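If you want the building blocks of each chain, they are given just below.
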Amino acid sequence: MKKYIQYIIAFCLIFSFSISSVYAATPNTISTTEVVYLENGNYVEITTTVTAVSRGTIKDASKEYLYKDYLHRELFSYTLLGRFEYNGSTSKAIDVTASATIYNDDWNLGSHRESYSGNTVYGSATFGGPYIETIGGSISCDKNGNIS
């Protein structure tokens, strides 16, 4: 019986260490969403997602701008993605990309523009349809890896 209990304890320890290793290797991802209401009754849901890529030096961040009409139908979205490097003393943007999705056939992507400078990435997209709408913004990273 004593050997049986020792095997159970050993199994539990091995299992707990393996679970800890899996969770330690998984990137830490955090998402937040805010809503901006527009004068025409439509609104934009802005979802910011931050992922720590490597321990304490690089972070990826994205902002998805999901445009919805007053009936809560998804019309289109624009997602700005930035990669940042930081070390506690300085930070800098090292890459920027973007994507767009059309959910309603009345809309199309007219143009988009992305850039980065210093510790900030910038991007915007213009969509055409029943009217013209431009959405986008920026993402910044401070020296400690805080994204705004």
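So, here is what we can say about the structure in this document.

Each value, and the rule that gives it
Residues numbered from 1 in each chain as written. Predicted model: local features only at pLDDT ≥ 70, side-chain atom pairs only at ≥ 80, totals over all residues. Heavy atoms only, no water. Helix = DSSP H or I, 4+ residues; strand = E, 2+ residues; numbered from the N terminus. Core = buried A, V, L, I, M, F, W, Y, C linked by side-chain atoms within 4.5 Å. Buried < 20%, exposed > 50% of the residue type's maximum accessible area, 1.4 Å probe, protein only. Contact = heavy atoms within 4.5 Å. Pairing = 2+ DSSP bridges. Axes fitted to C-alpha atoms, helices over the stretch in contact; angles between N-to-C directions.

**Focus on the overall build of the protein chain**
Turning to step 1, where the next piece is worked out: The helix and strand tally for the protein chain stands at 1 helix and 8 strands.
Turning to step 2, where the next piece is worked out: Going residue by residue from the N terminus, the α and β elements of the protein chain occur as α-β-β-β-β-β-β-β-β.

**Some details on the nonpolar core**
Turning to step 1, where the next piece is worked out: Counting residues in each nonpolar core, the largest one holds 21 residues, and the members touching the most others are Phe76, Tyr78, Phe84, Val121, Phe127 and Ile135.
Turning to step 2, where the next piece is worked out: Going through the elements one at a time, β2 (43–54), β3 (58–68), β4 (74–86), β5 (91–102), β7 (120–128) and β8 (132–140) are the ones with two or more residues in this core.
Turning to step 3, where the next piece is worked out: Here the element with the most residues in this core is β4; it accounts for 6 residues.
Turning to step 4, where the next piece is worked out: With residues near it in sequence (within four places) discarded, isoleucine 135 still touches Val44, Tyr65, Tyr67, Phe76, Tyr78, Ser124, Ala125 and Phe127.

**Focus: unusual backbone geometry**
Only a minority of non-glycine residues have a phi that is not negative, and only a minority of peptide bonds are not trans.
Turning to step 1, where the next piece is worked out: At histidine 72, a residue that is not glycine, the phi angle is positive and equals roughly 70°.
Turning to step 2, where the next piece is worked out: With respect to the element layout, histidine 72 can be found in the loop between β3 and β4.

**A word on the sheet that holds β4**
Turning to step 1, where the next piece is worked out: Reading across the sheet, the 5 strands line up as β1-β2-β3-β4-β5 and stay open at both edges, with antiparallel pairing between neighbours. The open sheet has two edge strands with one neighbour each: β1 (29–37) and β5. Adjacent strand axes in the sheet meet at a mean angle of 15° when their direction is disregarded.
Turning to step 2, where the next piece is worked out: Sheet topology note: the β1/β2 ladder contains 9 bridges and is antiparallel. In the strand pairing of β2, valine 36 is matched with valine 44.

Read these as layout, nothing more, since geometry by itself doesn't imply function.
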